[in-house]
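Descriptive analysis of the structure
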Amino acid sequence: MINIIVFSLIGLGVLFALIRLIAGPSSFDRVVGLDTLNIIITAAIVMIALVLESSLYLDIALAYAILSFLETVVFARFLEGKQ
Amino acid sequence: MKKGISTFLALWAIWILIAGFNVTEIILGGAVALILAFIVSKYVNYSFGFSIVLGALKFVFVYIPVFIYKLVIANLDMAYRVLSPKMPINPGIVKVPTEIKNDFGKLVLANSITLTPGTLSLDVEDGHVLVHWVNVKGSTEEEYKKEISKDFDKILGGIIK
Amino acid sequence: MIIAGNILMVIGGVFLLLGGFGVLRMPDVFNRIQAGTKATTLGAFSLILGVGFVHPQWLLKLILIIVFIAITNPVGSSVLARAAYKKGAYQYKKEGEERSEVK
């Protein structure tokens, strides 16, 4: 029951961030949407670990957090350098 | 030599944190960390002594509670601004002076400014932090500093310098 | 213990939702970064800590994830905001306010 509530809240958050990702007027808005989406998904993976009772998913969440940070920094650098 | 030992300890600690407390894992991780530290130590450029332990303890017990308190306040503030229908925001970009000189201190200060109510650090120049502020109050640099970074500047100056 | 974990998880979910909503609703890039970063950081902390209360044997690794998010998330948003500032992204001004770019 509690899992369903938490997953619905997370799902709505993902939906809003996705709308910003698709509709954002500039590329910076899109990257902001992507960054927010990544953090929400990291939390969602931890929830999945809880639901499936498997600690392997925690490693996946950690790797996802590292990769999402790299992704944000690389996109920001790329947009900063582009003339 | 000091570099090698520092690298070895850092690698081993990270491995134990990731792999968990299991005797085989700890021994294997120690062996691999020793070999890696031996290879890598020529290229790294840092080392730490015993004093870092004291610094870390002070950091955890003095800095973290202030940080968490500010983080919660920041979120309630942001939630209020996002949810209220009129959106009471007055954004602008301001310059805040700081006394902290070393790199790690600047990183921690910028992170803290980002997570405190309504502020986001943009750039660190020498002696200044550029800050985007959702609700600008006051008009001089001293007023900005008083509102934004006074607490953190005091605490961090005591720990890191 | 489990009840406290469940309450923390629901609070975390609410803040993650608010983060998404803030990113959707705010008027310019910097305000979006602020809303997104702050609300989702506290939401993720709270949710992950709640999972730690329900499953105490995972606590160490969960705290590792929390520390990692606490270090990287503000850095990422700062880098992004700096890029947007340097490229002169659109800045929202309150109506009737006249202000120079940087004071």
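Please refer to the structure higher up on the page.
Overview of the structure.

How each quantity is defined
Residues numbered from 1 in each chain as written. Chains lettered and ligands numbered in written order. Predicted model: local features only at pLDDT ≥ 70, side-chain atom pairs only at ≥ 80, totals over all residues. Heavy atoms only, no water. Helix = DSSP H or I, 4+ residues; strand = E, 2+ residues; numbered from the N terminus. Buried < 20%, exposed > 50% of the residue type's maximum accessible area, 1.4 Å probe, protein only. Contact = heavy atoms within 4.5 Å. Areas by Shrake-Rupley, 256 points an atom, 1.4 Å probe, with all protein chains shown as cover. Pairing = 2+ DSSP bridges. Nonpolar A, V, L, I, M, F, W, Y, C, P; charged D, E, K, R; others polar. Axes fitted to C-alpha atoms, helices over the stretch in contact; angles between N-to-C directions. Parallel < 35°, antiparallel > 145°, perpendicular 65-115°, else oblique. Left-handed = near helix turned anticlockwise from the far one by under 90°. Core = buried A, V, L, I, M, F, W, Y, C linked by side-chain atoms within 4.5 Å. Salt bridge = Lys/Arg side-chain N within 4 Å of Asp/Glu carboxyl O. Buried area = accessible area lost by both parts, 1.4 Å probe.

What follows deals with the overall build of chain C. In terms of helices and strands, chain C carries 3 helices and 0 strands. Start at the N end of chain C and walk to the C end: the helices and strands fall as α-α-α. When each of the 103 residues of chain C is scored for burial, the buried share is 60%. The contacts in chain C between residues at least 6 apart in sequence include a share of 66% that link residues at least 24 apart. Surface summary for chain C: the accessible area is close to 4000 Å², and the carbon and sulfur share equals 67%.

Residues and elements named next belong to chain B. With 5 of its 7 residues buried, strand β2 (residues 119-125) lies for the most part within the structure. Pairing of β2 with strand β3 (residues 128-133), which is carried by 6 bridges, proceeds in the antiparallel orientation. Each residue of the ladder has a partner; that of Glu125, found in β3, is His128. Taking the residues between adjacent antiparallel strands as the criterion, β2 and β3 are bridged by 2 residues, where Gly127 takes a positive phi near 85 degrees.

The subject of this paragraph is the interface of chain B and chain C. In this assembly, 40 residues from chain B lie in contact with 38 residues from chain C. When contributions to the side of chain B that touches chain C are tallied by element, the ones reaching two or more residues are α1 (2-19), α3 (51-83), β1 (92-97), α4 (103-115), β2 and β3 of chain B. Along the lines of polarity and charge, the residues of the side of chain B that touches chain C split into 26 nonpolar, 11 polar and 3 charged.

We now examine the packing of α3(B) against helix α2 (residues 29-54) of chain C. Direction vectors running N to C along α3(B) and α2(C) enclose 125 degrees, while the axes themselves pass 10 Å from each other. Put simply, α3(B) runs oblique to α2(C). As α3(B) packs across α2(C), the resulting crossing turns out to be left-handed. Between α3(B) and α2(C), the residues in contact are B:Leu71, B:Val72, B:Ala74, B:Asn75, B:Met78 and B:Val82 and C:Asn31, C:Gln34, C:Ala35, C:Lys38, C:Ala39, C:Leu42 and C:Phe45, respectively. In the contact of α3(B) with α2(C), the residues fall into 9 nonpolar, 3 polar and 1 charged.

Core analysis: the largest hydrophobic core is formed by 32 residues, its most contacted members being A:Ile10, A:Val46, A:Met47, C:Leu47 and C:Val51. Sorting the residues of this core by element identifies α1 (2-23), α2 (27-52) and α3 (56-81) of chain A, α3 of chain B together with α1 (2-25), α2 and α3 (59-86) of chain C as the ones contributing at least two each. Filtering out sequence-adjacent residues up to four positions away, A:Val46 remains in contact with A:Leu58, A:Ala61, C:Ile48, C:Val51, C:Leu62 and C:Ile65. If you look at the next biggest cluster of nonpolar residues, it comprises 20 residues, including A:Val31, A:Ala76, C:Val79 and C:Ala81.

This paragraph deals with the pattern of salt bridges. One pass over the structure, following the stated rule, counts 6 salt bridges over all chains. A:Asp29 is paired through a salt bridge with C:Arg32; the nearest N and O atoms lie 2.2 Å apart. Here A:Asp29 is found in helix α2, whereas its partner C:Arg32 is found in helix α2 on a different chain. Relative accessible area serves as the criterion here: at 6%, C:Arg32 is assigned to the buried category. Across the salt bridge formed by C:Lys61 and A:Asp59, the nearest N and O atoms sit 2.9 Å from each other. Of this pair, C:Lys61 sits in helix α3 while A:Asp59 sits in helix α3, which puts the two residues in different chains. C:Lys61 gets classed as buried once you look at its relative accessible area, which sits at 17%. Connected through salt bridges with shared partners, the residues A:Arg77, A:Glu80, C:Arg82 and C:Lys86 form a single ionic network.

Strand order in the open sheet formed by 3 strands is β1-β3-β2 (chain B), with antiparallel pairing between adjacent strands. Looking along the sheet, the strands with just one partner apiece sit at the ends: β1 and β2 of chain B. Within this sheet the neighbouring strands show an average axis-to-axis angle of 25 degrees, counted without direction. Bridging between β1(B) and β3(B) involves 6 bridges; their strand directions are antiparallel. Among the inter-strand pairings, B:Gly92 is bridged to a residue of β3(B), identified as B:Trp133. Relative to β2(B), α2(C) is tilted by about 110 degrees, and along the sheet it contacts β2 and β3 of chain B. Against the sheet, α3(C) contacts β1, β2 and β3 of chain B, and its axis sits at roughly 70 degrees relative to β2(B).

Attention shifts here to the interface of chain C and chain A. Chain C puts 42 residues into the contact, and the matching count from chain A is 45 residues. Contact between chain C and chain A buries roughly 3900 Å² in total, counting both sides, with carbon and sulfur atoms accounting for 80%. Applying the counting criterion to the chain C and chain A interface returns 4 salt bridges. A salt bridge links A:Glu80 to C:Lys86, with the shortest nitrogen-to-oxygen separation between them at 4.0 Å. When residues in the side of chain C that touches chain A are grouped by element, the largest group, 16 residues, is from α3(C). Considering only residue class, the side of chain C that touches chain A consists of 27 nonpolar, 10 polar and 5 charged.

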